[in-house]
Every structure is written in C-alpha cells, then in structure tokens.
Amino acid sequence: MKRIIFSLYAVSAVLVTSCNSNGKKESELHEVKNASKDTMQHAIDIADKEVKVVAVLFTNVGARAANSIKEIIGNYLQIKNALANDDATAAANSGKIMNENITKLDKSLLTASQKKLFDSIAESLKEGAEHIGNNDDEIIHQREHFATMSEAVYLLVKAFGAGKPIYQDHCPMYNENKGGAMWLSEIKAVNNPYFDTAMSTCGSVKEIIK
Ligand SMILES: [Cu+2]
C-alpha cells in the first residue's frame with residue numbers, strides 16, 4: 001500500500017512540475033493541483049478499504065451480559081497496554097481481575113447460542129488470565145499466554161462486541177515460524193504488546209470489529 005501511495009505522490013509531483021515547466025496559466029495549474037489532491041484522497045480511501053470491517057455476530061445481547069463482557073474485554077486491553085509498556089506487574093494485576101470477571105459472568109443472562117459460544121472459549125480465556133496473573137516477574141511467559149488468549153478474546157469480541165470499535169492487529173515477527181501473532185486494540189495506532197517499547201510500532205491493523 002505504501003508503494004501505491006508513494007507512486008501516486010510521484011505522479012502528482014510530475015504533473016505539477018510539468019505544468020510549471022510548460023508555463024501553463026495559473027488557472028490550469030490550479031486545476032491540476034486539485035486533481036492531484038483528489039488522487040491523494042483516493043489513495044487514502046484505498047488504504048482504509050484494506051482494513052476489513054467485521055460486524056459483531058450477536059445483536060441481541062442483554063445489557064447486563066454486555067456489561068460483563070465489556071469488563072472482560074477491558075481487562076484484556078489493560079493487559080495489552082501493560083505488556084506494550086513492559087509492565088509485567090500491571091499485566092498480572094489485570095490478569096487476576098480478568099480471571100475473576102470470567103468466573104463471575106452470569107451465564108443465565110446469555111441465550112443458548114451465546115452460552116455455547118462463551119463456553120467454547122471460557123477455558124482458554126481463564127487459562128490465559130490465570131497464567132498472566134501468576135507470572136508478574138516473567139513477561140516473556142505472560143506474552144506467550146497473551147498470544148493464545150488473544151485468539152479467544154478475538155472470538156469473544158466478534159460474537160458479543162465491546163461497546164466500541166476494536167482493531168485486530170498482527171505482528172509478523174512474534175513467533176515467526178508460526179506466522180506471527182495477533183492482538184486486539186481499542187486504538188487504531190499500532191502499539192505492539194509482544195516486544196519491548198523499542199519495537200512498539202511493529203505490526204499492522206487487519207480488521208475493525210464493530
Ligand atoms: Cu503459564
């Protein structure tokens with residue numbers, strides 16, 4: 001994508017430059033400048049289209065259930081931000097709270113198909129939250145569990161939503177031989193939780209779930 005934008009820049013630059021050197025009238029030059037601005041807007045539109053928009057599956061989640069799930073996703077995002085800041089202690093604290101919130105979720109608030117989906121990922125969510133919670137001096141170990149847990153949270157967000165748009169990001173460098181790792185974020189800007197802060201912008205946005 002960067003290459004396309006760059007080449008459009010190059011084309012616009014050539015258009016403007018050639019007009020100047022041909023000594024065209026000011027009004028014509030202005031037209032060309034506007035055209036190149038449109039071209040740039042077009043390039044930006046294409047960039048946005050490359051991010052897949054995913055619609056949340058369940059549109060009938062009750063308010064109380066939605067709140068509980070929002071809390072769990074909130075805990076996950078706190079873990080993500082703590083790991084992005086290399087803060088294993090903060091990640092562990094949020095892991096413990098996440099674990100409690102998963103246990104506390106009142107499944108009688110869910111419909112049959114919602115319960116089935118939640119049950120299919122609850123173990124994986126809990127295991128991740130527990131291990132991240134119990135390893136406040138082992139950030140590498142926390143990140144391993146975070147990678148696995150992110151897959152479960154992804155399914156949770158896609159099914160129930162998070163009450164706000166969630167970005168699915170991908171880091172090609174983590175666990176390279178297994179195709180990298182993904183994470184979920186509440187912000188569009190990439191802030192990689194898998195490596196120390198020197199690598200925080202590594203990765204790209206793949207989807208927006210809303
Ligand atoms: Cu572990």
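Above this text you will find the structure in question.
What counts and what doesn't
Note that residues are indexed from 1 along each chain, following the sequence as it is written. It should be noted that, the model being predicted, local features are given only for residues of pLDDT at least 70 and side-chain atom pairs only at 80 or more, the latter also being counted only at that level, while totals for whole chains, interfaces and linings use all residues. To obtain each axis, a line is fitted to C-alpha atoms, and for helices this fit is confined to the stretch in contact; angles are then taken between N-to-C directions over 0 to 180 degrees. A run of H or I in DSSP becomes a helix once it reaches four residues, and a run of E becomes a strand once it reaches two; helices and strands are each numbered from the N terminus. Crossings are assigned a handedness: left-handed for a near helix turned anticlockwise from the far helix by less than a right angle, right-handed for a clockwise turn. The contact rule is simple: place each C-beta atom from the backbone, and if two of them lie within 7 Å, those residues are in contact. In the scheme used here, Gly and all other residues not listed as nonpolar or charged are polar, with Ala, Val, Leu, Ile, Met, Phe, Trp, Tyr, Cys and Pro taken as nonpolar and Asp, Glu, Lys and Arg as charged. For two strands to pair, DSSP has to find at least two bridges joining them. Put simply, a nonpolar core is buried Ala, Val, Leu, Ile, Met, Phe, Trp, Tyr and Cys residues tied into one set by C-beta atoms within 7 Å. Buried residues are those with 20 or more other C-beta atoms within 10 Å of their own C-beta, exposed residues have 12 or fewer, and partly exposed residues lie in between; C-beta atoms are placed from the backbone.

> For this particular structure, what's the right way to read the packing of helix α4 (residues 88-104) against helix α5 (residues 112-133)?
In a pair of packed helices, the angle between the axes and the distance between the axes together describe the arrangement. Direction vectors running N to C along α4 and α5 enclose 145 degrees, while the axes themselves pass 7 Å from each other. The hand of the α4/α5 crossing is left-handed. When α4 is examined against α5, the residues Ala91, Ala92, Gly95, Lys96, Met98, Asn99 and Ile102 are found in contact with a partner set consisting of Ala122, Leu125, Lys126, Ala129, Glu130, Ile132 and Gly133. The residue makeup of the contact of α4 with α5, split by class, is eight nonpolar, three polar and three charged.

> Please clarify how the pairing of strand β2 (residues 166-171) should be interpreted in this entry.
Two faces, one strand: in a regular strand the side chains alternate between the faces of the sheet. Bridging between β2 and strand β4 (residues 204-209) involves five bridges; their strand directions are antiparallel. Residue pairing for β4: Asp169 is matched across the bridge by Val205. Across five bridges, the pairing between β2 and strand β3 (residues 181-185) is antiparallel. Bridged to Tyr167 within β3 is Ser185.

> Would you mind showing me how to read the packing of helix α3 (residues 63-84) against helix α6 (residues 139-160) here?
For the pair α3 and α6, the least separation of the axes is 10 Å and the interaxial angle reads 150 degrees. In terms of crossing hand, the pair formed by α3 and α6 is left-handed. Contact with α3, carried on its side by Ala66, Ile69, Ile73, Tyr76, Ile79 and Leu83, involves Ile139, Gln142, Arg143, Phe146, Val153, Leu156, Val157 and Phe160 of α6 and no other residues of that element. Looking at the contact of α3 with α6, its residues break down into 12 nonpolar, one polar and one charged.

> What should I look at first to understand the environment of Ala189 in this one?
Within the element layout of this structure, Ala189 appears in the loop between β3 and β4. Through-space distance from the C-alpha of Ala189 to that of Thr201 is 8.2 Å; in sequence the pair is 12 residues apart.

> Which parts of the structure should I look at to understand the nonpolar core?
Note that soluble globular proteins tend to have their nonpolar side chains buried in a common cluster. Judged by nonpolar contacts, the single largest core of 39 residues is most densely connected at Ile73, Tyr76, Ile79, Val153 and Val157. Among the elements of the structure, α3, α4, α5, α6, β2 and β3 are those that each provide at least two residues to this core. Looking at this core element by element, the count peaks at 10 residues for α3.

Geometric values such as these leave the question of function open.
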